[in-house]
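Coordinates in review
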Amino acid sequence: MSNNLRSLRKLLLITSILFISCSETDCGCVPPPEEPIYFPPNTGTWETKTPESMGWNTANIAALNTYLTEKNTKSFIVLHNGKIVLENYYNGHTDTSIWYWASAGKTLTATVTGIAAQEGLLNINNKVSDYIGTGWTSAPLAKENLITCKNLLSMNSGLNDALGDIVTPNNLQYVADAGTRWAYHNVYVKLQNVVATASNQTWDAYFNNKLRNPIGMTGAWVTDPTALSVYWSNSRSMARFGLLALANGNWNGTQIINSNYLNAATTTSQPINLAYGYLWWLNGKSSFQLPQSQLQFNGSIITTAPADMYCALGKNDQKIYVVPSRKLVIIRMGDAADISNLALSNFDEVLWQKINAVVN
């Protein structure tokens, strides 16, 4: 037998061994195709998958449900890549019941502001008074004109946060130049006026046409006497919005909100509170501030949660958690778990311990 033939047979043998080894051990030489994100139809059945198919620790689901029940929860939904893995309702709540988003709905305002920007109706770097006129605060005109739409998105308008939720001019008082002080403040709601003026539509009409209806949400905005505009919907509508965020602003092939804007919204927006984007809270940062406080705390806002998570957090523990690395969207609606709070609470820490016991 010639040397060339021996070499060929040896090569074929090695190739066969490698092929068999890869096939039998699933070595990952050719990775399996990634599961595409699933988008539920606007009407009809939302597809599900089982915790068992995910390899989750199903023995710990009962403890999670017990904790949620004890902590005044009304609904809890977990999506993986868009499909429902867990969905439970508690304390008389049902899948058709509506509940308030509270400040978790700030992220709806941030998103629609971004949609208006991508349509060329506004520029977030322009001052607010370009759209709604001067005198919308009681600050000196030169100071008012420092406040941009981006300052409202980032919570660094420089206006006094100690005067309550009312956003009439006499209640919006100057404390510091815009951009120099972070403070959790209801003044963000003025962005709804900006969008309405820039689009020549009512806020509700523009929101419904550009965001709510395209992704199959239901619900409505309710304005109370303080001019606080709060969104109310069923829990699955909140899950749809969280899924839109997970999908980088795309809904089943249609780009609802520019992914570059959404990326900016879910990264640090200013150097004062590193854990805050455009009305989204950001986990995994080195420090953070809390509502109604100028203190800075070291570490992540929720130490038990994934570092890449970002979240919409509302009064009395309304939650949208988005975890890109795990392809998870988690929704919690209900009454305050312990005591009334504006956004973050100790409940987040313990809830994530319970979630981790299931999904890890």
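Here, every reference points to the structure presented above.
1. Points about the overall build of the protein chain
If you tally the helices and strands in the protein chain, you get 11 helices and 13 strands. Seen through its principal axes, the protein chain has C-alpha atoms that stretch 95 × 50 × 45 Å. Per-residue burial for the protein chain yields a buried fraction of 52% across its 360 residues. In the protein chain, of all internal contacts separated by at least 6 residues, the share reaching a separation of at least 24 is 62%. Element-wise, carbon and sulfur atoms account for 53% of the exposed surface of the protein chain, whose accessible area totals about 15,800 Å². Side chains of the protein chain carry 24 positive and 23 negative charges; the gap between the two charge centres is 6 Å.

2. Points about the pairing of strand β1 (residues 73-80)
Along any regular strand, the residues point their side chains to alternate faces of the sheet. Most of β1 sits out of view: 8 of its 8 residues are buried. Alignment of β1 against strand β13 (residues 328-334), held across 7 bridges, turns out to be antiparallel. Of the residues in β13, the one forming a bridge with Val-78 is Ile-330. Pairing of β1 with strand β2 (residues 83-89), which is carried by 6 bridges, proceeds in the antiparallel orientation. From the neighbouring strand, Ile-77 faces β2, where its bridge partner is Glu-87. Remark: 2 residues form the turn of the hairpin made by β1 and β2, two consecutive strands paired antiparallel; Asn-81 in that turn has positive phi of roughly 55 degrees.

3. Some points on the layout of surface pockets
Estimated volume of the largest pocket: approximately 470 Å³. As for the largest pocket, its lining consists of 22 residues, of which Ser-103, Lys-106, Asp-165, Leu-228 and Leu-342 are closest to the centre. In terms of residues, the lining of the largest pocket owes the most to one element, strand β5 (residues 229-233), which gives 3 residues. The class makeup of the residues in the lining of the largest pocket is 11 nonpolar, 6 polar and 5 charged.

4. A few points about the side chain of Gln-192
With respect to the helices and strands, the residue Gln-192 is situated in helix α7 (residues 190-199). One polar contact links Gln-192 to Ser-229, side chain to side chain, over a distance of 3.2 Å. In contact with Gln-192, other than residues within four places in its own chain, are Thr-109, Trp-203, Trp-221 and Ser-229.

5. Brief notes about the nonpolar core
In terms of nonpolar packing, the biggest core is built from 106 residues, with Trp-101, Leu-211 and Trp-281 touching the most fellow members. Looking at this core element by element, the count peaks at 7 residues for helix α9 (residues 235-246). Setting aside chain neighbours within four positions, we find Leu-211 in contact with Leu-108, Thr-111, Val-112, Ile-115, Tyr-206, Phe-241, Leu-244 and Ile-256.

6. Let's talk about helix α2 (residues 61-70)
For α2, the complete set of buried residues consists of Ile-61, Leu-64, Asn-65, Tyr-67 and Leu-68. Projected down its long axis, α2 carries its buried residues within an arc of 160 degrees, all on one side. In α2, those exposed residues whose orientation departs by more than 90 degrees from the buried face are Ala-62 and Glu-70. On its buried face, α2 sits against β1, β2 and α11 (346-359).

Conventions used here
Going along each chain's sequence as written, the residues are numbered from 1 onward. Under the rules for a predicted model, residues below a pLDDT of 70 receive no local features and side-chain atom pairs below 80 are neither given nor counted, while totals for whole chains, interfaces and linings still include all residues. Hydrogen atoms and water are omitted, and side-chain values are computed over all heavy atoms in the structure. Strands here mean DSSP runs of E at least two residues long; helices mean DSSP runs of H or I at least four residues long; both are numbered from the N terminus. Think of it in three bands: with a 1.4 Å probe and only protein chains considered, a residue is buried below 20% of the maximum accessible area for its type, exposed above 50%, and partly exposed in between. Here, two residues are considered to be in contact whenever any of their heavy atoms come within 4.5 Å of each other. Surface accessibility follows the Shrake-Rupley procedure with a 1.4 Å probe radius. Residue values consider only the protein chains on display as shielding. Residues scored as charged are limited to Lys and Arg (positive) and Asp and Glu (negative), so that His and the chain ends carry no count. By convention, the point assigned to a charge is CZ for Arg, NZ for Lys, CD for Glu and CG for Asp. A pair of strands is treated as paired once DSSP finds two or more bridges between them. We place a 1 Å grid over just the protein atoms. Points where a 1.4 Å probe fits but has no way out form a cavity, open points with protein on both sides within 12 Å along at least 5 of 7 lines form a pocket, and any residue with an atom within 4 Å of a point lines it. Grid points are joined across faces, edges and corners, and a volume is the space filled by probe spheres set on the points. Any residue outside Ala, Val, Leu, Ile, Met, Phe, Trp, Tyr, Cys, Pro, Asp, Glu, Lys and Arg is labelled polar, Gly included; the first ten of those are nonpolar and the last four are charged. Counting of polar contacts relies on pairs of N or O atoms within 3.5 Å, with two restrictions inside protein: one atom must be capable of donating a hydrogen and the other of accepting it, and residues adjacent in sequence are counted only when both atoms are side-chain atoms. Buried residues of nine kinds, namely Ala, Val, Leu, Ile, Met, Phe, Trp, Tyr and Cys, make up a nonpolar core once their side-chain atoms join them within 4.5 Å. To obtain the arc, one takes the directions from the helix axis to the C-beta atoms.

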